Amino acid sequence: MTKLSVNINKFATLRNARGGNLPDILKVAEDCERFGADGITVHPRPDERHIRYQDVRDLKPLVKTEFNIEGYPSKDFMDLVLAVKPHQCTLVPDPPGAITSNTGWDTVQNQSFLKEVIGTLKANGIRVSIFLNAEPDKVEAAKTAGADRIELYTGPYAEEYARARTQPQNLQLFNDYKNTARAATAAGLDINAGHDLNLDNLRFFKLHIPQLKEVSIGHALVCDALYFGLENTIQLYKRQLTEA
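Thresholds, definitions, all that
- Just so you know, the residues in each chain are numbered from 1, in the order the chain's sequence is written.
- Local features are withheld for residues below a pLDDT of 70 in this predicted model, meaning they are given only at 70 or higher, and side-chain atom pairs are given and counted only at 80 or more; totals for whole chains, interfaces and linings count all residues.
- With hydrogens and water stripped out, all remaining heavy atoms of the structure feed into the side-chain values.
- UniProt positions are given in the numbering used here, feature names are shortened, and annotations may be inferred rather than shown by experiment.
- Here a strand is any run of E in DSSP of at least two residues, a helix any run of H or I of at least four, and the numbering for each starts at the N terminus.
- Atoms counted for the radius of gyration: C-alpha only. Globule rule: 2.2 Å times residue count to the power 0.38.
- In this scheme, a residue with accessible area under 20% of its type's maximum is buried, one over 50% is exposed, and one in between is partly exposed, where area comes from a 1.4 Å probe on protein chains only.
- Every residue pair with non-hydrogen atoms within 4.5 Å of one another is taken to be in contact.
- Under the convention used here, a 1.4 Å probe and the Shrake-Rupley method define accessible areas, while residue burial counts only the protein chains that appear.
- As used throughout, the charge tally considers Lys and Arg to be positive and Asp and Glu to be negative, leaving His and the chain termini uncounted.
- Charged groups are reduced to one reference atom each: NZ for lysine, CZ for arginine, CG for aspartic acid, CD for glutamic acid.
- It is the directions from the helix axis to the C-beta atoms whose arc is reported.
- For this document, the term salt bridge refers to a Lys or Arg side-chain nitrogen within 4 Å of an Asp or Glu carboxyl oxygen.
- Strands are treated as partners if at least two bridges between them are detected by DSSP.
- Only the contacting stretch of a helix is used when fitting its axis, a line to C-alpha atoms as for every element, and angles between N-to-C directions run 0 to 180 degrees.
- Whenever two N or O atoms come within 3.5 Å, that pair is a polar contact, provided that in protein one can donate a hydrogen and the other can accept it, and provided that, for residues adjacent in sequence, both atoms are side-chain atoms.

Looking up the chain in an unreviewed UniProt entry gives the name Pyridoxine 5'-phosphate synthase, with the organism given as Chitinophaga tropicalis. Taken from UniProt, the Pathway (unreviewed entry) comment for the chain reads in full: "Cofactor biosynthesis; pyridoxine 5'-phosphate biosynthesis; pyridoxine 5'-phosphate from D-erythrose 4-phosphate: step 5/5." Regarding the chain, the relevant UniProt record gives this comment under Subcellular location (unreviewed entry): "Cytoplasm".

(A) Structural view of the overall build of the chain. Helix and strand counts for the chain come out as eleven helices and eight strands. The C-alpha radius of gyration of the chain comes to 17 Å, within 12% of the 18 Å expected for a compact globule of 244 residues. In the chain, which comprises 244 residues, the share counted as buried stands at 53%. Of the contacts made within the chain by residues no fewer than 6 positions apart, 67% connect residues no fewer than 24 positions apart. Approximately 11000 Å² of the chain is accessible, and the part contributed by carbon and sulfur atoms is 51%. Between the mean site of the 29 positive side-chain charges and the mean site of the 31 negative ones, the chain shows a separation of 3 Å.

(B) Representation of the UniProt feature "site: Transition state stabilizer" (unreviewed entry) in the chain. Taken from the UniProt record, the annotation "site: Transition state stabilizer" (unreviewed entry) applies to Glu 151. Relative to the helices and strands, Glu 151 is located in strand 6 (residues 149-153). You can call Glu 151 buried: its relative accessible area is 3%. The contacts of Glu 151, once residues within four sequence positions are left out, are Glu 70, Thr 90, Ser 129, Ile 130, Phe 131, Leu 132, Asn 192, Ala 193, Gly 194 and Ser 216.

(C) Looking closely at helix 4 (residues 75-84). Within helix 4 the residues assigned to the buried category are Phe 77, Met 78, Leu 80, Val 81 and Val 84. Down the axis of helix 4, the buried side of the element spans an arc of 160 degrees, and every buried residue falls inside it. Projecting away from the buried face of helix 4 at angles above 90 degrees are the exposed residues Lys 75 and Ala 83. Close packing links the buried residues of helix 4 with helix 3 (53-59), strand 3 (66-71), strand 4 (88-91) and helix 5 (111-123). Within two residues after helix 4, Lys 85 carries a phi angle of roughly 55 degrees, on the positive side.

(D) Quick peek at the pattern of salt bridges. Inspection of the entire model under this criterion finds 13 salt bridges. Among the salt bridges present, the one from Asp 55 reaches Arg 15, with a minimum N-O distance of 2.8 Å. Here the residue Asp 55 occupies a position in helix 3, and Arg 15 occupies one in helix 1 (residues 9-18), the gap between them amounting to 40 residues. Comparing Asp 55 with Arg 15, the two get one shared label, buried. Salt bridges here are not isolated pairs; linked through shared partners, they connect Lys 27, Asp 31 and Arg 34.

(E) Seen up close, the sheet that holds strand 7 (residues 190-194). Around the barrel, eight strands lie side by side as 1-2-3-4-5-6-7-8; this closed barrel has parallel pairing. When the angles between neighbouring strand axes are averaged without regard to direction, this sheet yields 25 degrees. Here strand 1 (residues 3-7) runs beside strand 2 (residues 39-42); their pairing, made up of three bridges, is parallel. Each residue of the ladder has a partner; that of Ser 5, found in strand 2, is Gly 39. Sheet contacts for helix 11 (residues 230-242): strand 1 and strand 8 (212-217); angle to strand 1, the most-contacted strand, approximately 145 degrees.

(F) Looking closely at the UniProt feature "binding site: 3-amino-2-oxopropyl phosphate" (unreviewed entry) in the chain. Mapped onto this structure's residue numbering, the UniProt feature "binding site: 3-amino-2-oxopropyl phosphate" (unreviewed entry) falls at Asn 7, Arg 18, Asp 196, Gly 218 and His 219. Spanning 213 residues, the named residues do not form one spatial group; their C-alpha atoms are separated by as much as 25.9 Å. Tracing the backbone through its elements, the reader meets Arg 18 in helix 1. Judged by its relative accessible area of 76%, Arg 18 falls in the exposed class. The topology assignment puts Asp 196 in the loop between strand 7 and helix 9 (202-208). By relative accessible area, Asp 196 is classed as partly exposed at 40%.

(G) Focus on the side chain of Lys 238. For Lys 238, the position within the fold is in helix 11. Within the structure, the side chain of Lys 238 is placed 3.1 Å from the backbone oxygen of Gly 36, a separation counted as a polar contact. Of note is the side chain of Lys 238, whose polar atom sits 3.1 Å from the side chain of Asp 38. Setting aside its immediate chain neighbours within four residues, Lys 238 contacts Leu 4, Gly 36 and Asp 38.

In structure tokens, the structure reads:
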């Protein structure tokens, strides 16, 4: 079964917009789990514009499912992750000022750097996933760097899928995702996915990549929750994964 990890960054953005503690991020995480989420994802950035480093520390003893921390492995980030020891750390190549993640690692060019970072994380008992574009030729280098999983960056897929609804296309780009997934499976790597997945495009993705272990979804899920309610929305997303 593919697990749903709820990224709670956007709840923190809302809290930070007014100061104070509304919504309460700790309660949000607990409620997401109570409503059926299989995990909680956070992406603390250097400017702490949404999830703060202290949030991450406070969440660790409360999260009962899988705790996934994603981010660029700067010194501060690594110090935080090693102190908190989440179940999984997802490495993304975001520059400090990035609004959101927008590409995967070049695992060939960054092989030495990734190998050192991953070695440190795994020595502390933390499973490591690497954010990767739909590029089959980057999979082997992810494996040799020591990764346990890849997380497919699904932004381009989401854009292509939306266009395909109004234009006669065959989703040629999706072949790259399937081939990357096959290469990962052959290399012994598990597969996660995330970025711009939503209630429209999630079922198709899962149906054609059945080996998918986990998806991390935040922005679209929070937007849907404004209309459908958080509990109902989490169940709607889980249904896309279980009925595909």
